[in-house]
Amino acid sequence: MRVLLKMNNLQEYLAGLLDDPCNEVVEQAVAYGMIPLGYTCSLIPEPVLSAGRLFPLRLRAPGVSGTETADIYLSSVICSYTRSLLELALDSKYDFLKGWVFAASCDHLRRLYDNLGYLNKPEFSFILDVPHKNNEAAMEWLELELEKLRTALSSHFNIDMSDEVISTSIKENNIMLAELRSIGDMRKEAMPLFTGTEFHRLMMALQAAPRKLLSDIPGRFRDAALKRGGAGKFRARFMIVGGELDDPAYTGVIESMGGRVVADRYCTGSFPGLEPISESGKPLAAIALYILEKNRCPRMMEEFDRRADYIINIAREYSADGIIIQTIKFCDTWGVESSLLVAALRDAGIPVLRLEREYRTGGEGQLRTRVQAFIESMKK
Ligand code: SF4
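One structure accompanies this document, and this report is about it. Note that this is a predicted model, so its numbers are computed, not measured. One numbering rule holds for all chains: residues counted from 1, following each sequence as written. It should be noted that, the model being predicted, local features are given only for residues of pLDDT at least 70 and side-chain atom pairs only at 80 or more, the latter also being counted only at that level, while totals for whole chains, interfaces and linings use all residues. Excluded from the side-chain calculations are hydrogens and water; all other atoms, namely the structure's heavy atoms, are used.

**Here we look at the sheet that holds strand E8 (residues 352-357)**
Between any two strands, pairing holds if DSSP finds at least two bridges. Helix and strand definitions here come from DSSP, where helices need a minimum of 4 consecutive H or I residues and strands a minimum of 2 consecutive E residues; each element is numbered from the N-terminal end. Strands sit in the order E6-E5-E7-E8 across an open sheet of four strands; the sheet is parallel. Edge positions in the open sheet fall to strand E6 (259-266) and E8, since each of these has one partner strand only. For this sheet, the mean angle separating the axes of adjacent strands, direction not counted, is 25°. Against the sheet, helix H14 (residues 364-379) touches strand E5 (236-242), E6, strand E7 (322-328) and E8, its axis set at about 175° to E8. Only the contacting stretch of a helix is used when fitting its axis, a line to C-alpha atoms as for every element, and angles between N-to-C directions run 0 to 180 degrees. Throughout, a contact is declared for two residues whenever any of their heavy atoms are within 4.5 Å.

Put into structure tokens, the structure is as follows:
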């Protein structure tokens, strides 16, 4: 019989998992002989990093107070997510990791990968070269890249990474994604039973520890939300769009002004993060297709309209009153995309607030003022 946890107890537990990259569940997993691999981007296929004893950890920099040391190597005019990761790496906060897996998703991450290589070389590191276009040649190229990743992991960690093992990993991952998707769909309700901050914390916790050891958490979340029967009133329904956003406190500031976040299309969010990988055919081919077709990263060329339509459809499906586009300062990938998106969304009749921020949640006062003004502007 699943022990029902009240939502606030559960949230406390999930918040505890986000305080430290090496949290109690990660320590437990390592004690069981599981192998933690850090990754930095949603282009990295979690099922490959979940094969056998491996488990993926989305790299975050909780509690980073500044990036003075990292700025010496990366300079202060690149994305503060990458600078924060390097700062914590140089402070040995990730020494528990057995490896880092990158995607060459942007120049900022490439530079982080290079600097890590000579400043604090991980035991194992790999950078996946993902094409910028989706076509037959790109598919072939990416399948070869995934094959290289498989070979590198299997030889370095001496584990079975056969098609059967990866197919099983895809199936297991899809089961968890389906459960999270059905919980996420509860946000379509007129009065969702949980806040966007609570859902964000759930999503992040399941990227901050091995899902295998947290498999009952989504069910507990649903039970707690149903039991509580409501999450309070709000003034406007929002969708958040953008790049890396791994701190639920940011969503919390938006909701503290009377917003309710009902959809999340960002790198660590449920869109498109919870879309399943096909279970038919060769697993690496299915993963390559998923990355090129479903990831919808703005680095992909000639696909802006498809990405904009995807966001507009979700906003309508979740009855969002407005969209908040948040981008990290100096992030060129989302910087360019958000300028185009503002126009496309407004043309579609959707109010938009565009916010630029640092990786570390700060400037709450200014954020509150912007969100309040946005809500007021929609009420007129
Ligand atoms: S936020 Fe932007 S610049 Fe930073 S790592 Fe992600 S894509 Fe690259």
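So that's the structure; there's more coming.
**Some thoughts on the packing of aromatic side chains**
Two rings belonging to Phe, Tyr or Trp (six-membered ring only in the last case) form a pair when the distance between their centres is within 6.5 Å. Interplanar angles under 30 degrees mark stacking, angles over 60 mark edge-to-face geometry, and anything in between is tilted. A complete count under the given rule lists 10 aromatic pairs for this structure. Ring geometry for Phe 199 against Phe 221: centres 6.5 Å apart, planes inclined by 70°, an arrangement best described as edge-to-face. With Phe 199 in helix H8 (residues 196-205) and Phe 221 in helix H9 (residues 217-228), this pair connects stretches of sequence that are 22 residues apart. Burial classes: relative accessible area under 20% of the type maximum marks a residue as buried, over 50% as exposed, and values in between as partly exposed (1.4 Å probe, protein chains only). Overall, the relative accessible area of 1% leaves Phe 199 in the buried class. Measuring from centroid to centroid gives 5.5 Å for Phe 238 and Phe 374, while their planes differ by 15°, and the two rings are stacked. Of this pair, Phe 238 sits in strand E5 while Phe 374 sits in helix H14; the two residues are 136 residues apart in sequence, bridging distant segments of the chain. For Phe 238, a relative accessible area of 0% gives the class buried. Taken together, the ring pairs in this structure connect Tyr 94, Trp 100, Phe 102 and Tyr 113 into an aromatic cluster. Here the basic side chain of Arg 296 rests over the ring of Tyr 310, its NZ or CZ set 3.7 Å away from the ring centre. The lysine or arginine in question, Arg 357, covers the ring of Tyr 250, its NZ or CZ lying 5.1 Å from the ring centre. In our convention, an over-ring charge means Lys NZ or Arg CZ found within 6 Å of a ring centre and within 35 degrees of that ring's normal.

**Describing the site of the ligand**
Around the ligand lies a shell formed by Cys 79, Tyr 81, Cys 106, His 108, Leu 109 and Cys 331. Taken together, the residues of the shell around the ligand sort by class into five nonpolar, one polar and no charged. For this purpose, a residue is taken to be near a molecule or strand whenever a single non-hydrogen atom of the residue falls within 4 Å of it. Under the grouping applied here, Gly and all other residues not named as nonpolar or charged are polar, the nonpolar ones being Ala, Val, Leu, Ile, Met, Phe, Trp, Tyr, Cys and Pro and the charged ones Asp, Glu, Lys and Arg.

**Describing the pattern of salt bridges**
Definition used for salt bridges: Asp or Glu carboxyl oxygen within 4 Å of a side-chain nitrogen of Lys or Arg. With the rule as written, the count across this model stands at 19 salt bridges. Among the ionic pairs, Glu 244 bridges to Arg 58, the shortest N-O distance being 2.6 Å. Note that Glu 244 is positioned in the loop between E5 and helix H10 (248-256) and Arg 58 in strand E2 (residues 54-58), a separation of 186 residues in sequence. Judged by its relative accessible area of 8%, Glu 244 is buried. Salt-bridge contacts for Asp 91 lead to Lys 93; the nearest nitrogen and oxygen are separated by 3.1 Å. For Asp 91, a relative accessible area of 47% puts it in the partly exposed group. We classify Lys 93 as partly exposed; its relative accessible area is 39%. Each of Glu 147, Arg 150, Asp 163 and Lys 282 takes part in a single network of salt bridges with overlapping partners.

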